[in-house]
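Chain by chain, the residues:
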Amino acid sequence: MDKSPDAFRTISEVAEDLDLPQHVLRFWETRFNQIKPMKRGGGRRYYRPQDVDLIKGIRHMLYDQGYTIKGVQKLLRENGNQFLIAIGSGDRAAVEAIAQRKQAEAEAPLTSAAQPRDDEMLVGEAKAKPRRFFGLGKPDDDGPVQPGDGKLSRDNRALLQEALFDLLECKRLLDQVR
């Protein structure tokens, strides 16, 4: 007998549906405080449908898109649970709507005193625009740097710095393993 789509799921059911070991789900609960299954007497976990969709989104970003746990935590911080729930449930329209809303918020006029100059940008400082996902919210004029331009845009420089930090973190982790 199949359960209703709105029914709660046990950890074994979620693990089987998502092709994940149960210990991974328990580990993710420690890394993503947004995953909060109900716990009954004896510590048995029951996942709500929203929890399952969020876990699907986290799984997709970690396994299919190659994000790190830290990267997915940043996605959740910047875009909220609904973004990853939409990814997990396959609702591309909702993902696009959330990305556009975030971009509109980022492009809201700032006071000139609050805008840092190019030479004031610190390595690792948060950038004004949200990270683009799946090519959503990408303006047409933001293409590759042309040869001879001699200068990267602020966004491209921030993306390169972010990639550098990710690579340095990977190197640090690899050095720890050795």
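Criteria and cut-off values
- Each chain has its residues counted from 1, following the order in which its sequence is written.
- Per-residue local features of the predicted model are confined to residues with pLDDT of at least 70, and side-chain atom pairs are confined, for both listing and counting, to 80 or more; whole-chain, interface and lining totals are unaffected and use all residues.
- Note that water and hydrogens are dropped before the side-chain values are worked out from all heavy atoms of the structure.
- Only DSSP runs of H or I covering at least 4 residues are called helices, and only runs of E covering at least 2 are called strands; the numbering of each starts at the N terminus.
- Relative accessibility thresholds used throughout: buried, under 20% of the residue-type maximum; exposed, over 50%; partly exposed, between the two (1.4 Å probe, protein chains only).
- It only takes one pair of heavy atoms within 4.5 Å for two residues to be counted as in contact.
- Residue burial considers only the protein chains on display, and all accessible areas are found by Shrake-Rupley using a 1.4 Å probe.
- Pairing of N or O atoms within 3.5 Å defines a polar contact, subject to two protein rules: one partner must be a possible hydrogen donor and the other a possible acceptor, and residues neighboring in sequence count only if both atoms are side-chain atoms.
- The nonpolar core is taken to be a set of buried Ala, Val, Leu, Ile, Met, Phe, Trp, Tyr and Cys residues, with the residues joined through side-chain atoms within 4.5 Å.
- Strands qualify as paired when DSSP identifies two bridges or more between them.
- Every axis corresponds to a line fitted to the C-alpha atoms, with the helix fit spanning only the stretch in contact, and the corresponding angles, defined between N-to-C directions, vary from 0 to 180 degrees.
- Each angle receives one of four descriptions, namely roughly parallel if under 35 degrees, roughly antiparallel if over 145, roughly perpendicular if within 65 to 115, and oblique otherwise.
- Classes in brief: Ala, Val, Leu, Ile, Met, Phe, Trp, Tyr, Cys and Pro nonpolar; Asp, Glu, Lys and Arg charged; the others, Gly included, polar.
- For Phe, Tyr and Trp, where Trp contributes only its six-membered ring, two rings pair if their centres lie within 6.5 Å, and the inter-plane angle classes them as stacked under 30 degrees, edge-to-face over 60, or tilted in between.
- By construction, the arc corresponds to the directions joining the helix axis to the C-beta atoms.
- Patch criteria: residues need more than 30% relative accessible area and no salt bridge. Like-charged residues are merged within 9 Å; nonpolar side chains of Val, Leu, Ile, Met, Phe, Trp and Tyr are merged within 5 Å.
- Just to be clear on terms, a salt bridge is a Lys or Arg side-chain nitrogen sitting within 4 Å of an Asp or Glu carboxyl oxygen.

> Provide a residue-level description of the overall build of the protein, including the pertinent values.
Each helix and strand counted, the protein has seven helices and three strands in total. Mapped in sequence order, the helices and strands of the protein form the string β-α-α-β-β-α-α-α-α-α. Put simply, the protein has 178 residues, and 28% of those count as buried. Considering only residue pairs separated by 6 or more positions, the protein has 57% of its internal contacts joining residues 24 or more positions apart. With the model as given, the accessible surface of the protein reaches about 11900 Å², and the carbon-plus-sulfur share is 52%.

> Describe the side chain of Arg45, with residues and values.
With respect to the helices, strands and loops of the structure, Arg45 is situated in strand S3 (residues 45-47). Looking at Arg45, the relative accessible area reads 17%, which means it is buried. Polar contacts involving the side chain of Arg45 include one to the side chain of Glu29, which spans 2.9 Å. Apart from residues lying up to four places away in sequence, Arg45 is in contact with Arg9, Thr10, Ile11, Arg26, Glu29, Pro37, Met38 and Lys39.

> Just give me the short version of the nonpolar core, but keep the residues and values in it.
If you look at the biggest cluster of nonpolar residues, it comprises 28 residues, and the most contacted ones within it are Leu25, Trp28, Ile55, Ile58, Val72 and Leu84. Sorting elements by how many residues they give to this core places helix H3 (residues 49-64) first, with six residues.

> Pulling in residues and values, what's your account of the sheet that holds strand S2 (residues 38-39)?
The three strands lie next to each other as S1-S3-S2, forming an open sheet whose pairing is antiparallel. Since the sheet does not close on itself, it has two edges, and those belong to strand S1 (9-10) and S2, each with one partner. Pairing analysis gives two bridges linking S1 to S3, with the strands arranged antiparallel. Bridge assignment links Thr10 to a residue of S3, and that residue is Tyr46.

> Account for the packing of helix H2 (residues 22-31) against H3, with residues named and values stated.
As a packed pair, H2 and H3 sit with axes 12 Å apart at the nearest point and diverge in direction by 95°. Accordingly, the angle class assigned to the pair H2 and H3 is roughly perpendicular. Residues Val24, Leu25 and Trp28 of H2 lie in contact with H3, whose contacting residues are Ile55, Ile58, Arg59, Leu62 and Tyr63. Considering only residue class, the contact of H2 with H3 consists of seven nonpolar, no polar and one charged.

> Mind laying out the packing of aromatic side chains, listing which residues take part and the relevant values?
The final tally for this structure, using the stated rule, is one aromatic pair. Ring geometry for Trp28 versus Tyr63: centroids 6.0 Å apart, planes at 65°, classification edge-to-face. Taken together, the residues Trp28 in helix H2 and Tyr63 in helix H3 connect sequence positions 35 residues apart. For Trp28, a relative accessible area of 3% translates into the label buried.

> Tell me what's going on with helix H4 (residues 69-79), and back it up with residues and numbers.
All of the buried residues in H4 are Gly71, Val72, Leu75, Leu76 and Asn79. In an axial view of H4, the angular spread of the buried residues amounts to 140°, which keeps them on one side of the axis. Facing away from the buried side of H4 by over 90 degrees, the exposed positions are Lys70 and Arg77. Tucked into the core, H4 has its buried residues touching H3, helix H5 (81-89) and helix H6 (92-106). Within two residues after H4, Gly80 carries a phi angle of roughly 85°, on the positive side.

> Mind laying out a nonpolar patch on the surface, listing which residues take part and the relevant values?
Among the surface-exposed residues, Leu164, Phe165 and Leu168 lie close enough to one another that they form a single nonpolar patch of about 270 Å² accessible area. Relative to the elements of secondary structure, Leu164 occurs in helix H7 (residues 154-177).

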